[in-house]
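This is what each chain is made of:
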Amino acid sequence: MAALICEVVYRGIFQKNLAARITRGIVLSARKSGRWGIAFGRYGDSPQRNGIPAKDFAIVADTKEELEQNMARYEPKHVDVTIAVDDTLSKGVESWAWYGLQPINRLTVPNGTLLMTSVQSFDSLLRDIHKKDAPYKLALLRAKASFSGLWVYKEDHTEVRILGALAKIAPSFLTLDGVCEAIKEIEWGSDLKVESVKKAYQRLESREVKLTEGNVEIPYSFEMPKWWEMREGVTIPAIPVGKPKEDGKGYVPERNPYFKKFTTRTMRPVIDFDTCVKCTLCWIQCPDSCFDVMPDGTYDANMEACCGCGVCEAVCPVEKCITMVNESVFDDNASQWEMWRNDKEGYKAWMTEKIGDKNATVRSHGFRFRGQYEQELEKNLDGGGVEITAGIPGENAQHKTI
Amino acid sequence: MAVVTPAAPAATEEDKELLISGSEAVAESLTLADIDVVTAYPIRPYDTVMQAIAKKISGGQLVAEYIVAEGEHSQFEIVKHASTVGARVFCGSSGVGWMYAMECLVVTPPLRVPMVALVGNRALDDPGAFGVEHNDALVVRDVGWLLCWIDTSQEALDTTLIAYRVAEDRRVFLPLAISADGAFLTHSQALTMVPPKSKVDRFLPRYDRGDLLLHPDNPITVAPQANEDWVIEIRRQNNEAMARAVTVIEEAYADFRRVFGRGPENPWFEEYMTDDADVILVGMGTISLPIKVAIRELRAKGKKVGLVRLRWFRPFPTEKLVAALSKAKALGIIDRDYSFGSPFGSGVVANEIRAALYNADRRPPLLSFICGLGGREVTLEDVYKAVDLCTAAAAAGKSDAKTHWLGVRE
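About the thresholds
- Residues numbered from 1 in each chain as written.
- Chains lettered and ligands numbered in written order.
- Predicted model: local features only at pLDDT ≥ 70, side-chain atom pairs only at ≥ 80, totals over all residues.
- Heavy atoms only, no water.
- Contact = heavy atoms within 4.5 Å.
- Buried area = accessible area lost by both parts, 1.4 Å probe.
- Salt bridge = Lys/Arg side-chain N within 4 Å of Asp/Glu carboxyl O.
- Polar contact = N/O pair within 3.5 Å; in protein donor to acceptor, adjacent residues only side chain to side chain.
- Nonpolar A, V, L, I, M, F, W, Y, C, P; charged D, E, K, R; others polar.
- Domains from an automatic or database assignment.
- Helix = DSSP H or I, 4+ residues; strand = E, 2+ residues; numbered from the N terminus.
- Buried < 20%, exposed > 50% of the residue type's maximum accessible area, 1.4 Å probe, protein only.
- Axes fitted to C-alpha atoms, helices over the stretch in contact; angles between N-to-C directions.
- Parallel < 35°, antiparallel > 145°, perpendicular 65-115°, else oblique.
- Left-handed = near helix turned anticlockwise from the far one by under 90°.

## Focus: the interface of chain A and chain B
Turning to step 1, where the next piece is worked out: Taken together, the contacts link 18 residues of chain A with 24 residues of chain B.
Turning to step 2, where the next piece is worked out: The junction of chain A with chain B conceals about 2,000 Å² of combined surface from both sides, 61% of it contributed by carbon and sulfur atoms.
Turning to step 3, where the next piece is worked out: Counting the surface chain A buries against chain B, the share from its top three residues, W227(A), E232(A) and V234(A), is 37%.
Turning to step 4, where the next piece is worked out: Run the count over chain A and chain B and you get four salt bridges.
Turning to step 5, where the next piece is worked out: Measuring nitrogen to oxygen at the nearest pair gives 3.2 Å for the salt bridge that ties R244(B) to E232(A).
Turning to step 6, where the next piece is worked out: Inspection of the chain A/chain B interface yields eleven residue pairs in polar contact (both at pLDDT 80 or more).
Turning to step 7, where the next piece is worked out: Residues belonging to the side of chain A that touches chain B are distributed by class as follows: twelve nonpolar, three polar and three charged.

Listed below in structure tokens is the structure:
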């Protein structure tokens with residue numbers, strides 16, 4: 001009697017088809033060794049939004065009874081393998097359906113495995129991944145996050161590479177032969193994908209994570225009110241009017257204290273306050289009202305409120321004044337404006353390094369020009385499938401295309 | 001267009017007697033309650049109410065926003081929103097018109113909007129028919145609407161005033177539908193006592209939406225999206241409001257009697273000759289009239305028959321009704337509605353009463369009758385037949401667990 005429970009933590013919309021393929025692949029692969037299984041999504045995660053952390057699950061078990069025993073919950077309370085298909089999820093997740101920030105390894109059982117696609121080092125990831133009160137394994141598949149759209153999947157083999165890695169992690173449930181056999185039969189399978197499974201199986205990197213390792217930050221959380229503590233009439237207090245930043249100058253809006261949204265972000269704007277012309281466009285166009293107005297009239301993107309959509313970068317009329325940079329190269333949500341105010345030269349050096357990192361400034365989501373998808377697919381699929389190609393159509397396209 | 005000069009209100013403490021229909025009686029009450037917003041869309045028989053209100057406004061007796069919507073859905077949406085900004089509102093419909101507003105009707109209770117509506121009961125199409133059936137109003141019985149049935153023009157007038165008092169009580173804040181049988185009540189004029197405004201003012205306080213008022217000085221968001229982590233708590237709140245309505249209804253009727261010097265001691269149901277009755281019939285609305293006449297005929301022949309006419313269906317007066325009914329030797333529940341495929345194929349009221357009696361120490365045999373659908377006349381013969389079957393059940397000590405259709409060609 002045994003069961004294998006897996007969760008796939010993914011970015012809403014961008015990876016929903018990827019996650020569904022992975023969980024489906026787990027069940028069909030385990031079926032090859034006579035297991036029963038189910039693949040399902042956390043219904044509360046819908047309606048999905050671009051980039052919002054969401055979850056799919058796969059449970060496989062020896063018997064139907066054991067499968068039912070594990071299914072009789074809205075979502076599993078513990079998982080043998082947590083699969084994170086974007087390494088920026090390592091900072092923790094705040095789903096539409098959850099409350100507070102949840103460490104990415106929260107459901108992973110002691111001595112279980114956290115499997116991630118990443119090109120970061122183990123140590124770099126463990127600066128973000130929260131400390132856990134039990135040892136576990138961190139397994140890495142070398143790949144960039146596979147992002148696409150609502151109805152499509154980027155055929156970069158990420159789904160089968162995850163399955164190949166799982167054959168290494170949980171061989172008693174998913175044999176390599178079982179996975180390869182299943183892949184060929186699944187509607188999206190192919191011989192080329194079977195090759196990718198085998199390579200991923202061989203190349204998986206893995207190491208123990210000790211009790212002492214990890215980000216020591218205590219994730220924010222709050223108590224849910226009792227029914228008689230809640231306001232009646234399906235009403236909630238409006239967000240109050242904000243306050244000046246300091247000395248009666250600037251403006252910092254009040255924000256929802258219960259839903260911060262920043263774990264939706266895969267890229268963040270890095271701002272050059274020296275070249276800002278105070279045109280207000282970023283502040284006005286930001287769909288999440290994430291910009292605080294500073295006393296000097298510049299705009300600081302509040303990193304607890306920014307979803308990383310990149311609209312500010314697109315509307316900014318000044319060259320390289322706002323540049324979107326991958327979330328993986330940042331360790332905290334500190335104010336850029338405060339950094340700049342305290343040490344202008346130091347900030348300049350920091351900013352130049354961030355926006356000069358060609359790997360980190362590749363757009364993580366969305367296609368920036370017609371034909372980008374085809375270009376990316378031509379590249380070596382083993383390397384994650386994505387070559388550095390970026391750029392924004394329109395007047396800003398030239399200088400922002402690398 | 002003739003210029004209408006508003007008549008000065010009579011400075012009198014006396015009630016005045018008018019010959020008015022149930023619909024006009026409701027309009028009299030709305031004028032006395034000084035409603036702020038009313039929306040209208042015609043459908044028979046409710047349309048008589050909207051016409052009566054329009055006359056009140058054009059005659060200068062009532063100052064209110066009168067909005068003709070493009071359909072019932074908007075009709076109920078408009079008053080729902082008006083109520084959240086503090087307006088006292090009125091709305092109404094009938095049959096499939098009420099059904100067309102359903103999306104709005106189901107969200108009104110969780111938003112705790114004390115909308116008062118008149119449902120002129122009408123058979124659901126198809127077939128297109130104007131006559132009374134109670135299925136239209138009953139459709140909202142599970143979702144948090146307060147529901148009551150009225151019998152006379154006087155009760156229409158009095159209940160409308162009581163409705164605002166109950167619905168707008170901060171402990172309740174739930175929508176309230178007053179059901180009036182199409183034709184029999186909405187279109188029949190009867191002598192009705194209309195109280196002076198001064199009395200009404202002593203009975204009915206201003207609508208104060210308090211902390212739920214949508215206003216720039218009270219910034220709130222109404223009806224945000226929520227998931228499974230919030231919904232059951234919201235339902236639990238709704239349930240509590242419905243439970244609290246019991247006390248509020250009893251308070252309101254007691255106060256009504258104090259101020260107006262009339263009205264029932266028991267708000268929940270009328271008991272007619274039930275004290276020594278072996279057979280008690282139960283029904284809602286104007287069906288009481290043929291039943292009462294039949295009971296008098298039967299009593300003259302020595303048959304001990306009584307009637308319980310249910311006024312309040314939500315909240316359902318479970319304990320009081322069980323106490324009143326369990327003393328009989330047999331019960332006959334006469335539904336002017338149907339519930340196809342329900343237990344025993346009975347009507348809605350019969351099944352509610354069966355459920356209410358389940359834990360009673362004494363459960364008389366209960367017979368279910370369906371009768372008067374689509375506005376068909378309920379004849380004395382129908383009632384006699386029901387009583388005969390009930391008398392047989394009383395003698396046998398058990399019911400046949402069947403549902404009897406009365407007055408159907410067979």
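Moving on from the model shown.
## What to know about the domain arrangement of chain A
Residue and element names in this part refer to chain A.
Turning to step 1, where the next piece is worked out: Per the domain assignment, the segments of chain A are domain 1 (3-209) and domain 2 (262-365).
Turning to step 2, where the next piece is worked out: Of note, the centres of domain 1 and domain 2, computed from C-alpha atoms alone, are 32 Å apart.
Turning to step 3, where the next piece is worked out: With 19 residues of domain 1 at the contact, the number on the domain 2 side is 14 residues.
Turning to step 4, where the next piece is worked out: For the pairing of domain 1 and domain 2, the buried interface totals around 1,200 Å² over both sides, and the portion due to carbon and sulfur atoms is 51%.
Turning to step 5, where the next piece is worked out: In terms of surface lost to domain 2, no three residues of domain 1 exceed T88, K91 and F147, which account for 37% of the buried area on that side.
Turning to step 6, where the next piece is worked out: Between the two partners, domain 1 and domain 2, sit two salt bridges.
Turning to step 7, where the next piece is worked out: There are six residue pairs in polar contact (both at pLDDT 80 or more) connecting domain 1 and domain 2.
Turning to step 8, where the next piece is worked out: Taken together, the residues of the side of domain 1 that touches domain 2 break down into six nonpolar, five polar and eight charged.

## What to know about the side chain of T82(A)
All names here are of chain A.
Turning to step 1, where the next piece is worked out: Here T82 is to be found in strand β4 (residues 79-84).
Turning to step 2, where the next piece is worked out: Overall, the relative accessible area of 0% leaves T82 in the buried class.
Turning to step 3, where the next piece is worked out: Side-chain polar atoms of T82 contact the side chain of T108, separated by 2.8 Å.
Turning to step 4, where the next piece is worked out: Setting aside residues no more than four positions away along its own chain, T82 makes contact with E7, V9, I104, T108, T113, L114 and L115.

## Here we look at the domain arrangement of chain B
All names here are of chain B.
Turning to step 1, where the next piece is worked out: According to the domain assignment, chain B contains domain 1 (16-260) and domain 2 (269-405).
Turning to step 2, where the next piece is worked out: Computed from C-alpha coordinates alone, the two centres of domain 1 and domain 2 are separated by 28 Å.
Turning to step 3, where the next piece is worked out: Listed per partner, the contact involves 28 residues of domain 1 and 24 residues of domain 2.
Turning to step 4, where the next piece is worked out: Summed over both partners, the interface of domain 1 with domain 2 comes to about 2,200 Å²; 57% of that surface belongs to carbon and sulfur atoms.
Turning to step 5, where the next piece is worked out: Of all residues in domain 1, R141, W149 and D151 bury the most surface against domain 2, accounting for 23% of the area lost on that side.
Turning to step 6, where the next piece is worked out: At the surface where domain 1 touches domain 2, the tally comes to five salt bridges.
Turning to step 7, where the next piece is worked out: Here domain 1 and domain 2 share 16 residue pairs in polar contact (both at pLDDT 80 or more) between them.
Turning to step 8, where the next piece is worked out: At the level of elements, α6 (135-138), β6 (146-149), β7 (176-181) and α9 (231-260) are the ones that each hand at least two residues to the side of domain 1 that touches domain 2.
Turning to step 9, where the next piece is worked out: Looking at the side of domain 1 that touches domain 2 element by element, the count peaks at six residues for α9.
Turning to step 10, where the next piece is worked out: The residue makeup of the side of domain 1 that touches domain 2, split by class, is 18 nonpolar, three polar and seven charged.

## Side note on the packing of helix α10 (residues 288-300) of chain B against helix α13 (residues 380-396) of chain B
Two packed helices can be described by the angle between their axes and the distance between those axes.
All names here are of chain B.
Turning to step 1, where the next piece is worked out: With their axes 9 Å apart at the nearest point, α10 and α13 run at an angle of 60° to one another. Put simply, α10 runs oblique to α13. Crossing geometry of α10 relative to α13 is assigned as right-handed. Together, P290, I291, V293, A294, E297 and L298 of α10 and L380, V383, Y384 and V387 of α13 make up the contact between the two elements.
Turning to step 2, where the next piece is worked out: Among the residues forming the contact of α10 with α13, the class breakdown is nine nonpolar, no polar and one charged.

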